[in-house]
Every structure is written in structure tokens, then in C-alpha cells.
Amino acid sequence: MIGCKEILKQFQIIGDVESCKRYGNGHINDTYLVTTFGDKDYILQRINHYVFKDVEKLMHNQKLITEYIAKKLKEQGCYDDRLFLNIVPAVDGKCFIKYQENYYRCYEFIEGGECLEKIIHPLQFELSGVAFGRFQKLLDGFDASLLHETIPDFHNTRKRYNNFAKAIAEDKANRKKDCGKLIYEYLKREEYCDKVLKLMDEKKIPVRVTHNDTKLNNVLIDTYFNQPLAVLDLDTVMAGSVLYDFGDSIRYGANRGAEDERDLEKVGFEMELFKAFSRGFISQTKDILVEEEINNLAFGAILMTYECGMRFLTDHLEGDFYFKIRRRDHNLDRAKTQLKMLEDMEEVLDQMTEFIWMLYG
Ligand code: ADP
Ligand code: GN1
Ligand code: MG
């Protein structure tokens, strides 16, 4: 990476840098693995400033959250520093630096864990459920008002729908003509937009501090010892609903195919995977969830899939400015897989909810 040594000099890194290479498969930030000749390796990230407008506020949130989680784990007698993200401070003590119009941050690289892109065995997804459930439980007492809203209305599906409608009307990239049927399928499901927002407004579902981006590759799993490690990617930790966290994990991880699979025959909802994640997640959150949350967890999976698919399609119609793409029509392909998942889950929603209640025995 160009300028890597200059950038890393500004962080409190131990050991001489050996290499700095692109790493991971996130859709938002540019991530690099930094190896050193010392004991520790690091993750360097160029923060996506187009998505995160206020880096100071973004990193303020991350500092509060990581410190809170570390403290909570210690109180529980757990000193394993692979269970939470460790921010490496800059030499001036801040959590990020600015270098030539870009913002960078650095984390300790967490050893011994894997960020899976796909589930090979349901147990891995159960462990992912444990990690995200534990994250939710650890933040149960955290005061949401201390956190800045890093992306306003991130899971406000009504606003996402309005943006989608605007993108269709403007048709900036002149792509509407090629995806009429898909657009129709998303528009047709407008009724999904308001259900959870209304339940939250009526205080039937509590506002919690949630992760909001709980996909499989945002958690580290020790696949050798079968242990869940840290939850990563804390950029969107904000006030939200537990339905969003549960739902987004299912959206991504309970798909038997990849999020961007072109062959839709290979894509679809796997009930076994849903069950595995639910077991893990509920094992941690059982005591804190209220009845209306339990009733709607499975709907959360439908909602997140609908919302994410609509976001992919919006980005496609606008010309691919938000999500990273690696090929033509990448966002379009992603929007198609989400619709396939959506259709599958709509057929079995009652069975999904029934299973969740079964876990309450
Ligand atoms: P994005 O917002 O682009 O998704 P992430 O913060 O999720 O960025 O990081 C991208 C990938 O980098 C993750 O999926 C994971 O594979 C890897 N990663 C990030 N932080 C760490 C860390 N501290 N230790 C090990 N791997 C990490
Ligand atoms: C993005 O950053 P990453 O790749 O973990 C996106 C999520 C989407 C996801 C779809 C900040 O997640 O909201 O669900 O892509 N993150 C942001 O794969 O928009
Ligand atoms: Mg990520």
C-alpha cells in the first residue's frame, strides 16, 4: 500500500513493519493486514469517508464501546483480549489519523480467529449467534444516548424505501429499463417498511444499543477450538432493535449460496442454519428479550433482507457509489439473491417463529 509506512508511523505500533497488504472482504472500508517483525500484527483501515461523514464521532463511539465491553468482560472474570476489538492509539493519543485527505485507524490483529464468508458447518453459525448474542447482552446496560448516530436512519426501512423510490424516479445511471421486474418485487413489499418502526414508536419493542451490521464476516470464530471471539466492524453500533441484529445475521448466513451468487439455483434459505444461529443467539439473550421481540425475531430476518436488497438495488440504479463492486451489475446480482432469500423466508415465517418459541421451552 502506498504511504503505508508513513501512515503507520503515526500509530503506536510495536515492532518494525514487515508487510501491509489488502485484507478481508468488507463492502465499505479499505482494510490492510500489517505484519511486523515483532510479536503483534495489526489491521490498518482507511475509513470510508463517503459513508462516514464524521470520523471524530465515529471513533468516539468505538472507543466508548470497546472500553465498555472490555470492562464488562473483566468484571465477569474474562481476560481474553481476543473477545473484543482493541484500538491502537495514534502517537497523539487520538483513535485515528488524517493523512492526505484520508482518515485511517488501526486495530490489533486478533490471532487465531477466522472471519468466515460462508458457513461450512452449522456449528459455526451457532457460534456466530453466541458472539452476537453475547455482544447484545454485554451492551444491555450501555446508555444509548452516549452514542452518535454515525449513519442517520441506518435501519429506517421507510426512509430506505423512499430513497429507493427516488432512485427509480431519477434513474441516474439509466438502468431502470433492465430491472423492471425486480423493482416491482421490492415495491410490492412496501408494507414491510413500517411494522417494526411502529412497534418501536409504541414502545412495544425497546430501543437497545445494537450492532446493526451483523453479517458473518463481522465476527471472528476460532474454528479450531470452536469458540466465538470478537465482534468486529463497530461502525454502525447505535440505538436500534435486536431484530436488526438477529435479522441481518440470518439474511447473510442462513443463505446456502453467496450474497452475490449469480446462479440463483444455488441461493436460498436454509432452515437448519437458521436454527443453529437462533440457538446460539437465544442462549445469550434469553433473559433480556421481551415477548414482542421474540414474536418478531424471524420477521427481523425478512425485514433486513428486504431492506438490504432494496439498498443494493438503489445503489445499482444510482451508479454504484455506496457498496464496493468488483464486476458489472454486482449490486444487481446482490439484489436478486436477497429477493430469492426473501421469497423463501416468506413461505416459512411461521415455522421460524415457532422454532424460536421452542427455544424458550
Ligand atoms: P468493512 O466495514 O469494510 O466491512 P471490517 O471492519 O468489517 O470492514 O473489516 C474487514 C475485514 O477485515 C473483516 O471482515 C475481517 O476479516 C478483517 N478484520 C477487521 N478487523 C480485524 C481484527 N482486529 N483482527 C482480525 N481481522 C480483522
Ligand atoms: C456492508 O461493511 P460490511 O461489508 O460489513 C453494509 C451493511 C450491509 C452489508 C451487505 C456501513 O457491511 O449495512 O448489510 O454491507 N455496511 C454499511 O453485505 O453500510
Ligand atoms: Mg465488515
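Residues numbered from 1 in each chain as written. Chains lettered and ligands numbered in written order. Predicted model: local features only at pLDDT ≥ 70, side-chain atom pairs only at ≥ 80, totals over all residues. Heavy atoms only, no water.

Caption draft 1: A look at the coordination of the magnesium ion (ligand 3). The magnesium ion (ligand 3) binds to the protein through Asn218 (OD1) and Asp233 (OD), with metal-donor distances spanning 2.2 Å. In this pair, Asn218 sits in the loop between β6 (208–210) and β7 (219–222) while Asp233 sits in the loop between β8 (227–231) and β9 (238–240), placing the two residues 15 residues apart along the sequence. Under the relative-accessibility criterion, Asn218 is labelled buried at 6%. (Donors = N, O, S within 2.8 Å, 3.2 Å for Na, K, Ca; no water. Helix = DSSP H or I, 4+ residues; strand = E, 2+ residues; numbered from the N terminus. Buried < 20%, exposed > 50% of the residue type's maximum accessible area, 1.4 Å probe, protein only.)

Caption draft 2: Highlighting the packing of aromatic side chains. For the structure shown, the criterion picks out 19 aromatic pairs. Residues Phe96 and Tyr103 carry aromatic rings whose centres are separated by 6.0 Å and whose planes lie at 55° to one another, so their mutual orientation is tilted. Each of the two residues, Phe96 as well as Tyr103, counts as buried. Taken together, Phe125, Phe246, Phe269, Phe274, Phe277, Phe281 and Phe355 form an aromatic cluster joined through their ring pairs. Across the ring face of Tyr161, the terminal group of Arg158 is positioned such that the distance to the ring centre comes to 5.4 Å. Looking at Lys195, its charged tip hangs above the ring of Phe299, at a distance of 4.3 Å from the centre. (Phe/Tyr/Trp six-rings, centres within 6.5 Å; stacked < 30°, edge-to-face > 60°. Lys NZ or Arg CZ within 6 Å of the ring centre and 35° of its normal.)

Caption draft 3: Summary view of the site of ligand 1. The immediate surroundings of ligand 1 are formed by 18 residues, with Asn29, Gln45, Asn217, Asn218 and Asp233 found nearest. At 2.9 Å from an oxygen atom of ligand 1 is found a side-chain nitrogen or oxygen belonging to Gln45. Interatomic distance of 3.0 Å between a side-chain N/O atom of Asp233 and an oxygen atom of ligand 1. In the complex, the protein chains occlude 96% of the 550 Å² of accessible area that ligand 1 would expose alone. Elements with a contribution of two residues or more to the shell around ligand 1: β3 (42–46) and β5 (102–108). Residues that form the shell around ligand 1 fall into these classes: nine nonpolar, seven polar and two charged. The residues that make up the shell around ligand 1 include at least three from each of domain 1 (4–110) and domain 2 (115–358). (Near = heavy atom within 4 Å. Polar contact = N/O pair within 3.5 Å; in protein donor to acceptor, adjacent residues only side chain to side chain. Areas by Shrake-Rupley, 256 points an atom, 1.4 Å probe, with all protein chains shown as cover. Nonpolar A, V, L, I, M, F, W, Y, C, P; charged D, E, K, R; others polar. Domains from an automatic or database assignment.)

Caption draft 4: Seen up close, the domain arrangement of the chain. Domain annotation for the chain reports domain 1 (4–110) and domain 2 (115–358). In this complex, domain 1 contributes 29 residues to the contact, which on the side of domain 2 involves 32 residues. Between domain 1 and domain 2, roughly 2800 Å² of surface is buried when both sides are summed, and carbon and sulfur atoms account for 63% of that area. Across the contact surface, domain 1 and domain 2 share three salt bridges. Here Lys324 and Asp30 are joined by a salt bridge, their closest N and O atoms 2.9 Å apart. Here domain 1 is connected to domain 2 by 11 residue pairs in polar contact (both at pLDDT 80 or more). (Contact = heavy atoms within 4.5 Å. Buried area = accessible area lost by both parts, 1.4 Å probe. Salt bridge = Lys/Arg side-chain N within 4 Å of Asp/Glu carboxyl O.)

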